[in-house]
Amino acid sequence: MASAWLPAAALCLFSLAPAVVLGAQPRSPDRAAAFFPPWWSAARSLDAADRAGDVAGVGTLPSIVIAAAPPGAEPGLARALRANGAWLVIDPGFAGPCEPPPSAS
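Colleague: Which parts of the structure should I look at to understand the pairing of strand S2 (residues 54–58)?
Modeller: For a regular strand, side chains alternate in direction, first toward one face of the sheet and then toward the other. For S2 and strand S3 (residues 64–68), the ladder comprises four bridges, and the chain directions are antiparallel. Within S3, the position partnered with Val58 by the bridge is Val65.

What follows is the structure, given as structure tokens:
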């Protein structure tokens, strides 16, 4: 019986995913949450985000970094994050609980 509705359920989930991703786009061009490859170290994810903008926070996973555009920067933070390896760039409000980046000391 489950095999009858399983293809329909899978199709529903796969068609819903793009809508969720599009709805989660950054609301502000100056702040975004970037999801980097999960096998990257925290240092590599932080470095990649830092090359795109200022690191404003980190997620519960080391591959999630919140970035902010530096004052006076050209628009394009999301594009810069993707160019530095981010798989997905969304509004920080959808990234879950975040904390300040680790200090350099």
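Colleague: Would you take a moment to explain the packing of aromatic side chains for this structure?
Modeller: In this description, a pair of aromatic rings is defined by centroid distance and the angle of the planes. Considering all chains together, one arrives at two aromatic pairs under this definition. A centroid spacing of 5.5 Å and a plane angle of 20° characterise the contact between Phe36 and Trp40, whose relative ring orientation is stacked. Judged by relative accessible area, which is 2%, Phe36 ranks as buried. Between Trp39 and Trp87, the aromatic rings sit 5.3 Å apart at their centres with planes inclined by 70°, giving edge-to-face as the arrangement. Residue Trp39 is found in the loop between strand S1 (31–35) and helix H2 (42–52), and its partner Trp87 is found in the loop between helix H3 (77–83) and strand S4 (88–90); the two are separated by 48 residues along the sequence. Like Trp87, Trp39 is exposed.

Colleague: Sorry, what's going on with the pattern of salt bridges here?
Modeller: Pairs can form between side chains of opposite charge once their charged atoms are near each other. Under the counting rule described, the total for this entry stands at one salt bridge. The salt bridge involving Asp47 is made with Arg51; its shortest N-O contact spans 3.4 Å. Here the residue Asp47 and the residue Arg51 both occupy positions in helix H2, the gap between them amounting to four residues, near one helical turn.

Reading guide: rules and limits
- Residues numbered from 1 in each chain as written.
- Predicted model: local features only at pLDDT ≥ 70, side-chain atom pairs only at ≥ 80, totals over all residues.
- Heavy atoms only, no water.
- Pairing = 2+ DSSP bridges.
- Helix = DSSP H or I, 4+ residues; strand = E, 2+ residues; numbered from the N terminus.
- Phe/Tyr/Trp six-rings, centres within 6.5 Å; stacked < 30°, edge-to-face > 60°.
- Buried < 20%, exposed > 50% of the residue type's maximum accessible area, 1.4 Å probe, protein only.
- Salt bridge = Lys/Arg side-chain N within 4 Å of Asp/Glu carboxyl O.

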